Amino acid sequence: VQLVESGGGLVQAGGSLRLSCAASGLVFRTYDMHWFRQAPGKEREFVAAIRWSGSTTYADSVKGRFIISRDNAKNMVALQMNSLKPEDTAVYFCAAARGLIRMNLDDVNYWGRGTQVTVSS
């Protein structure tokens, strides 16, 4: 199984970025797909998830600014990030799991290697 993130980079506060995650080696449509992030010196935290059914959920810190979507035909999940803030700076990880995962990271089945997002003030 491989999850490969792309789309990270450097952006000014207030700007936008779109992250993508390409999945292979798994029955993508049967997994709940997630984005997590980890800032330097901090624990990895939940950002957003989209269930196999298409329902979505977001961390309070990104609600109204980020949008998660999936394309089962292309085995891809995306995270549209708008109105970015310096505190959004982190490495963003794509993850696949059987079920919605917010806290119990050990229950994630597969992780990507991450993509860096840096928001300058």
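Our structure's up above, just so we're on the same page.
A.B. asks: Honestly, the state of the cysteines in this entry has me stumped. Any pointers?
C.D. replies: Covalently bonding the sulfur atom of one cysteine to the sulfur atom of another cysteine gives a disulfide. Tallied over the entire structure, the rule returns one disulfide. The disulfide partner of C21 is C94, and the S-S distance across this bridge is 2.2 Å. One quick way to see it: the torsion about the S-S bond of C21 and C94 is about -75 degrees, and its sign makes the bridge left-handed. In this pair, C21 is assigned in strand β3 (residues 17–24) and C94 in strand β9 (residues 90–97), connecting sequence segments 73 residues apart.

A.B. asks: Would you take a moment to explain the packing of aromatic side chains for this structure?
C.D. replies: Between two aromatic rings, the relevant description is the distance of the centres plus the angle of the planes. Inspection of every chain in the model, using the stated rule, returns four aromatic pairs. With a centroid separation of 5.9 Å and an interplanar angle of 75 degrees, the aromatic rings of F36 and F46 are classed as edge-to-face. Here F46 lies in strand β5 (residues 45–50) and F36 lies in strand β4 (residues 32–38), a separation of ten residues in the sequence. The exposure class assigned to F36 is buried, which follows from its relative accessible area of 0%. Residue F46 is classed as buried on the basis of its relative accessible area of 7%.

A.B. asks: Before we go on, may I ask you to explain the pattern of salt bridges in this structure?
C.D. replies: Pairing between side chains becomes possible if they bear opposite charge and their charged atoms approach one another. Scanning all chains against the criterion turns up five salt bridges. The shortest N-O distance in the salt bridge between R37 and E45 comes to 2.7 Å. The exposure class assigned to R37 is buried, which follows from its relative accessible area of 5%. In this structure, a network of salt bridges that share partners links the residues R37, E45, R65 and D88.

A.B. asks: Help me out: how do you make sense of the side chain of T57 in this one?
C.D. replies: Mapping T57 onto the fold places it in strand β6 (residues 56–58). For T57, a relative accessible area of 18% puts it in the buried group. A distance of 2.7 Å separates polar atoms of two side chains, one belonging to T57 and the other to R102. Ignoring anything within four residues of it in the chain, the contact list for T57 reads F46, V47, A48, A49, L100 and R102.

A.B. asks: Please clarify how the pairing of strand β1 (residues 2–6) should be interpreted in this entry.
C.D. replies: Note on strand geometry: in a regular strand, side chains alternate between the two faces of the sheet. The alternating pattern of β1 places L3 and E5 on a buried face and Q2, V4 and S6 on a face that is not buried. Two strands pair when backbone bridges link them, and β1 and β3 are joined in this way by five bridges, in the antiparallel orientation. Within the sheet, the bridge partner assigned to S6 lies in β3 and is S20.

Reading the values: rules and limits
Residues numbered from 1 in each chain as written. Predicted model: local features only at pLDDT ≥ 70, side-chain atom pairs only at ≥ 80, totals over all residues. Heavy atoms only, no water. Disulfide = S-S within 2.5 Å. Helix = DSSP H or I, 4+ residues; strand = E, 2+ residues; numbered from the N terminus. Phe/Tyr/Trp six-rings, centres within 6.5 Å; stacked < 30°, edge-to-face > 60°. Buried < 20%, exposed > 50% of the residue type's maximum accessible area, 1.4 Å probe, protein only. Salt bridge = Lys/Arg side-chain N within 4 Å of Asp/Glu carboxyl O. Polar contact = N/O pair within 3.5 Å; in protein donor to acceptor, adjacent residues only side chain to side chain. Contact = heavy atoms within 4.5 Å. Pairing = 2+ DSSP bridges.

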